Amino acid sequence: MNRIEQTFQALKKDDTKAFVPYIMAGDGGLDCLEERLVLLEKFGAAAVEVGVPFSDPVADGPTIQQAGIRALNNGTTLKGIVGKIAEIRKSVKIPIILMTYLNPIYAYGITKFVQDIQKAGVDGCIIPDMPVEEEEIIEPELTEAGVELIRLVTLTTPLERIKQIAAKGDGFLYTVTVKGITGTRNEFDGNLNAYLKAVKEVSPIPVLAGFGISTQEQMLDITKYCDGVVVGSKIVNLLAENKLEEMENLMSVFKQKTNMA
Amino acid sequence: MTAYTLPNETGRFGKFGGRFVPETLMKAITELADAYEMAKQDPTFHSQIQALSKDYVGRETPLYFAENLTKYAGGAKIYLKREDLNHTGAHKINNAIGQALLAVRMGKKKIVAETGAGQHGVATATVCALLNLDCIIFMGEEDIKRQELNVFRMELLGAKVVSVTSGSSTLKDAVNEALRYWVANVEDTHYLLGSVSGPHPFPMIVRDFQSVIGKETKDQFLDRNHSLPDAVVACIGGGSNAMGMFYPFIDDEEVELHGVEAAGRGIDTPFHAASLTKGKPGVLHGALMYLLQNEDGQIQEAHSVSAGLDYPGVGPEHSYLKEIGRANYHSITDQEALDAFQLLSKLEGIIPALESSHAVAYCLKLAAQLGSEKNIVVCLSGRGDKDVDAVRARLKGGNQ
C-alpha cells in the first residue's frame, strides 16, 4: 500500500479529516523547504502539496502568482525542487504531492521527470492544466512508477464525467470548490454542499476539497461532505508573514473537532 | 497526396495542439466545439457571416498588383492582399464576427478577449457593439502605453479595457488574465480568442474564419492569371492571418508558404519573438506548440517593435507545418520592418501595420530570389495608422 492510501486509512480509522497544506517551493528559498515540511507535519498535515513555480500560472490567483514570482526570482527550478525533496524525504513521513503545470515537466523530459520523482520519494502529482483527455502524455509512466496522478473535478464538470474521472481511482479526487482560480473567498456557491455530496457519492477514492478555503468554519462545513481540505493561498500567506502560531491553530481544526466530539 | 483534414477530433495537428486547460474549462470548450460543428452545417450561419462580411466589413478585399514595389524588388511580381482595407483596419474582424455570431447562437451575452496591438480588441469591441454583447478586453500595461489610441477606440465602442500588470505586461499575460476571467465566468461568457492558438477548437475555428483571406486570394489570382501564385507570404505572431492565407493552399503543393516572425533586435539576442525559429515545443495557453522558453520550461518574454507579434508561442498548426516542412518560416528584424513600413508608404501610398511590414520586408528578399517569372502574394494584414505615432517617435530618436 502506498503512502497516500495508508494516510487516508489512518484518517478513517481515527474518524477525522485531512488537512493538506499547499506551499510554493522556493518561496523564501529552497533551503527552507525541509524546515517547512517538517513543521507542517508537526502541525498535523495529512499530506503536503509542494507547488512548482511557473511563469504563467493560469489557474492561480494573485497570492500564489506572487509566491511563484518570488520563487522564480530566487532561482527555483523543477530540477532543484526534485533534488531537494530527494535530500529531505527521510525527515518527512507524510505524503508529498507535487503540483506543477505541464510545461516545466515537458521541458524536464517526461520520462526523466517520472524517474527522478520516483527516486526522490514523491507520492503524487497534480497537473492543473492537464485534463484527462491529455493525460496519456504522462499517466502510463506515472502508473508504472507507482506515483499517483491526482485528478481534479470542478463545479462545471458534469456528473457523468465526474464518475469517469473518479473511477480512474488514483490517490484522492481533488474537488475544486469555486468557479475560478485559487485564492481566499468569503463565500461559496450555494450549490457547493450538494455538489460535494454528489461527488462523494460517486467517488471510489477519498475526496478532498480545495480552492478558496481559508477559515476553520469553512473547513468544518465543507468536510461534512468530503474527506478533507487543501489549503493553499492562506498557508502561503501565513508562511510568507511568518505567522506560525496562527498557522498551527488553523491546522488544528480537525483535532479540535475530534476533541469536542 | 491525400487531402489535408487536420486537426483530428482531439484537436491535434500531428503532436501539436490539444486541450491543455484546467478542468473548469473542459465543459466550455467541448460545448464550443459542438456548437461550431452544428453551426458549420447550418446555411443560416454562413449567410449571416457572408452578409456581415460584405456589407459591414467590406469584403471581398482587393488583390492589388504592387507594380512599384515589384520594380523596386527587381524580381517576382508582388501582389498585396488588402486585409488592411477591412472595417477596423485589419484581418482580425473576420474571426471576431464569426465567433461573436457563434456566441450568440450559444446564448452567451458576454465576451472576454485579450489583445496585444489592440487590433483584435478593437475588432471584438466593434462586433460586440454591433451585436449588443457585453465586452471586456484584457490588455498588457506595456501594450496600453504603446497603443493608447486603440484603447480609446475600444472604450468608445463600449468595451471595458482592463490593464494587465502581471508578468511582462504584454500579450501573453493578457491571455493569462483572460483565461483566468473565463475560468471564473465560464457559464455566461464566451472567450473570443484572437489567434490560431489556445486549446482546441480555437486554432481550428479561428483558422476557418480567417481562411476567407486565402480563398479570396486563390479565386482572385486564378481569375486574373489563370494559375496559382508561386508563393504566399504572411507575418506571424500567433499566426492567424498567416493560417487564413495558408490554409486554402495547403493541398496545392506547388505554392510555397512563407511565414515571417519578428526577429526584434536580432534572433541571436534575447530580444525577439521568433518562436518557430528559436523556440522549442512546449505547453502554454492550452496548446502544445513551439514556445520561447528557458531550459526549465519557464516562458520567456517576446520582443518586437510590433505589439501584435509580441507573443512567445505560435499556433499549433504552424508548429506542425514547420515540422512536416510544408511551410517555411523566416524572421525579420525591427529595423527591416521599419524600413519596409516606410518603403511601402512611399512606393505604393499604402501605410502598412508594423506587423504586416515584416511580411513586406521578407517578400522583398523572396522576390529577388524567385526571379521575374514568378508571382508572390503578401498578406497585408493591417493598416499602419495605429503605428504612425510610435514609428515617428522612433525615427525622431534615430534608428537603433
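You'll find the structure just up there.
Residues numbered from 1 in each chain as written. Chains lettered and ligands numbered in written order. Predicted model: local features only at pLDDT ≥ 70, side-chain atom pairs only at ≥ 80, totals over all residues. Heavy atoms only, no water.

Enquirer: How should I be thinking about the overall build of chain B in this particular structure?
Expert: The helix and strand inventory of chain B stands at 16 helices and 14 strands. At 19 Å, chain B has a C-alpha radius of gyration in line with the 21 Å of a compact globule built from 400 residues. If you line up chain B on its principal axes, its C-alpha atoms span 55 × 50 × 45 Å. Within chain B, the proportion of its 400 residues that are buried is 64%. For chain B, contacts bridging at least 24 residues in sequence account for 73% of all contacts bridging at least 6. As displayed, chain B has an accessible area near 14100 Å², and 50% of this comes from carbon and sulfur atoms. For chain B, the distance from the average position of its 39 positive side-chain charges to the average position of its 49 negative side-chain charges is 2 Å. (Helix = DSSP H or I, 4+ residues; strand = E, 2+ residues; numbered from the N terminus. Rg over C-alpha atoms; globule rule 2.2 N^0.38 Å. Buried < 20%, exposed > 50% of the residue type's maximum accessible area, 1.4 Å probe, protein only. Contact = heavy atoms within 4.5 Å. Areas by Shrake-Rupley, 256 points an atom, 1.4 Å probe, with all protein chains shown as cover. Lys, Arg positive; Asp, Glu negative; His and termini not counted. Charge placed at Lys NZ, Arg CZ, Asp CG, Glu CD.)

Enquirer: Would you take a moment to explain unusual backbone geometry for this structure?
Expert: Leave glycine aside and you will find that most residues have negative phi; peptide bonds, for their part, are mostly trans. Residues and elements named next belong to chain B. In the segment running from arginine 59 into glutamate 60, the intervening peptide bond is cis, with an omega of 5°. Looking at the element boundaries, glutamate 60 is found in the loop between helix H2 (43-57) and strand E3 (63-65). A cis amide bond links histidine 200 to the next residue, proline 201, at an omega of 10°. Structurally, proline 201 can be placed in the loop between strand E8 (189-191) and helix H9 (202-210).

Enquirer: Honestly, the pattern of salt bridges in this entry has me stumped. Any pointers?
Expert: Side chains carrying opposite charge are able to pair once their charged atoms draw close together. All names here are of chain A. Within the structure shown, the criterion is met by 41 salt bridges over all chains. Linking arginine 151 and glutamate 135 is a salt bridge whose minimum nitrogen-to-oxygen distance equals 2.9 Å. Within this pair, whereas arginine 151 is found in strand E5 (residues 148-153), its partner glutamate 135 is found in the loop between strand E4 (124-126) and helix H7 (139-145), the two being separated by 16 residues in sequence. With respect to burial, arginine 151 and glutamate 135 carry one shared label: buried. The structure contains a network of salt bridges with shared partners spanning Glu135, Glu139, Arg151, Lys168 and Asp170. (Salt bridge = Lys/Arg side-chain N within 4 Å of Asp/Glu carboxyl O.)

Enquirer: Help me out: how do you make sense of the layout of surface pockets in this one?
Expert: A probe as big as a water molecule, rolled over the atoms, marks out the empty space that is left. Residue and element names in this part refer to chain B. Here the largest pocket is characterised by a volume of approximately 560 Å³. Forming the boundary of the largest pocket are 22 residues, of which Ile49, Gln50, Phe209, Val212 and Lys215 lie nearest the centre. Counting residues per element, the ones that place at least two in the lining of the largest pocket are helix H1 (23-41), H2, helix H4 (92-105), H9 and helix H10 (212-225). With 7 residues, H2 is the largest single contributor of residues to the lining of the largest pocket. Class assignment for the residues of the lining of the largest pocket results in 9 nonpolar, 5 polar and 8 charged. The volume enclosed by the second largest pocket comes to roughly 450 Å³. Every residue lining the second largest pocket is counted, 24 residues in all, and those nearest its centre are Arg146, Ser304, Val305, Asp310 and Arg394. Those elements that provide at least two residues to the lining of the second largest pocket are helix H6 (141-146), helix H14 (334-348) and helix H16 (388-396). The greatest single-element share of the lining of the second largest pocket, amounting to 3 residues, is contributed by H16. Class assignment for the residues of the lining of the second largest pocket results in 8 nonpolar, 7 polar and 9 charged. (1 Å grid on protein atoms, 1.4 Å probe; cavity = no way out; pocket = protein on both sides within 12 Å on 5 of 7 lines; lining within 4 Å. Points joined across faces, edges and corners; volume = space filled by probe spheres on them. Nonpolar A, V, L, I, M, F, W, Y, C, P; charged D, E, K, R; others polar.)

Enquirer: Even after reading the chapter, I still don't get the packing of helix H2 (residues 33-42) of chain A against helix H4 (residues 78-88) of chain A, so can you show me in this structure?
Expert: Two measures define how a pair of helices packs: the angle their axes make with one another and the distance between the axes. All names here are of chain A. Running from N to C, H2 and H4 point in directions that differ by 55°, and their axes come no closer than 10 Å. Classed by the angle they form, the pair H2 and H4 counts as oblique. Read as a crossing pair, H2 and H4 show a hand that is right-handed. Counted together, Leu33, Glu34 and Leu37 of H2 and Lys84, Ile85 and Ile88 of H4 form the full contact between these two elements. Of the residues contributing to the contact of H2 with H4, the split by class is 4 nonpolar, no polar and 2 charged. (Axes fitted to C-alpha atoms, helices over the stretch in contact; angles between N-to-C directions. Parallel < 35°, antiparallel > 145°, perpendicular 65-115°, else oblique. Left-handed = near helix turned anticlockwise from the far one by under 90°.)

Enquirer: I would appreciate a short explanation of the sheet that holds strand E8 (residues 228-231) of chain A in the present structure.
Expert: Sheet strands line up and pair through hydrogen bonds in the backbone, either parallel or antiparallel. All names here are of chain A. Strand order around the closed barrel formed by 8 strands is E1-E2-E3-E4-E5-E6-E7-E8, with parallel pairing between neighbours. Recorded for the sheet is a direction-independent mean angle of 25° between the axes of neighbouring strands. Lying over the sheet, helix H8 (residues 159-167) contacts E5 and strand E6 (173-176), oriented at roughly 170° with respect to E5. (Pairing = 2+ DSSP bridges.)

Enquirer: Sorry, what's going on with the sheet that holds E8(B) here?
Expert: Residue and element names in this part refer to chain B. Reading across from one edge, E7-E6-E5-E8 is the order of the 4 strands in this open sheet, with parallel pairing throughout. The strands lining the two open edges of the sheet, one partner per strand, are strand E7 (160-164) and E8. Mean inter-strand twist for the sheet, computed between neighbouring axes without regard to direction, equals 25°. Alignment of strand E5 (residues 110-115) against strand E6 (residues 134-140), held across 6 bridges, turns out to be parallel.

Enquirer: Hey, could you run me through H2(A) in this one?
Expert: At 3.6 residues per turn, the α-helix brings residues three or four places apart onto the same side. All names here are of chain A. If you check which residues of H2 are buried, you get Leu33, Arg36, Leu37, Leu39 and Leu40. All buried residues of H2 lie within an arc of 160° about the axis, which places them on one face of the element. In this structure, H2 carries Glu35 and Lys42 as exposed residues pointing more than 90 degrees from its buried face. Buried-residue contacts for H2 involve strand E1 (18-24), strand E2 (48-51), H4, strand E3 (96-99), helix H11 (233-240) and helix H12 (244-251). Glycine 44 sits one or two residues past H2 and shows a positive phi near 105°. (Arc of directions from axis to C-beta.)

Enquirer: How should I be thinking about the pairing of strand E12 (residues 286-291) of chain B in this particular structure?
Expert: All names here are of chain B. For E12, the buried fraction is high: 6 of the 6 residues fall into the buried class. When strand E2 (residues 16-20) meets E12, the two strands line up antiparallel, connected through 2 bridges. Residue pairing across strands places phenylalanine 20 opposite glycine 286, the latter belonging to E12. One ladder, built from 5 bridges, connects strand E11 (residues 280-284) with E12; its direction is antiparallel. Looking at E12, one finds that proline 281 is bridged to tyrosine 290.

Enquirer: Explanation requested: the interface of chain B and chain A in the structure shown.
Expert: In many analyses, interface size is given as the accessible surface area lost on bringing the parts together. Taken together, the contact between chain B and chain A spans 36 residues of the former and 34 residues of the latter. In total, about 2800 Å² of surface goes out of reach between chain B and chain A, with carbon and sulfur atoms giving 53% of it. In terms of surface lost to chain A, no three residues of chain B exceed Glu23(B), Arg180(B) and Gln298(B), which account for 25% of the buried area on that side. At the surface where chain B touches chain A, the tally comes to 15 residue pairs in polar contact (both at pLDDT 80 or more). Looking at the side of chain B that touches chain A, the elements with two or more residues in it are E2, H1, helix H8 (171-184), E11 and E12 of chain B. Among the elements that take part in the side of chain B that touches chain A, H8(B) stands out by supplying 8 residues, more than any other. Looking at the side of chain B that touches chain A residue by residue, the classes come out as 14 nonpolar, 10 polar and 12 charged. (Buried area = accessible area lost by both parts, 1.4 Å probe. Polar contact = N/O pair within 3.5 Å; in protein donor to acceptor, adjacent residues only side chain to side chain.)

Enquirer: Looking at this structure, how should I read empty space enclosed by the protein?
Expert: The full count for this structure, using the stated rule, is 7 cavities of 30 Å³ or more. Taken as a whole, the largest cavity holds about 410 Å³ of empty space. Contributing to the lining of the largest cavity are 35 residues, with His91(B), Lys92(B), Leu171(B), Ser240(B) and Gly308(B) lying nearest its centre. Among the elements of the structure, E5, helix H5 (119-131), H8, helix H11 (240-246) and helix H15 (354-370) of chain B are those that each provide at least two residues to the lining of the largest cavity. In terms of residue class, the lining of the largest cavity is built from 11 nonpolar, 19 polar and 5 charged. Elements represented by at least two residues in the lining of the second largest cavity include exactly E5 of chain A together with H1 of chain B. Per-element tally for the lining of the second largest cavity: the top contributor is E5(A), with 4 residues. Taken together, the residues of the lining of the second largest cavity break down into 17 nonpolar, 3 polar and 3 charged.

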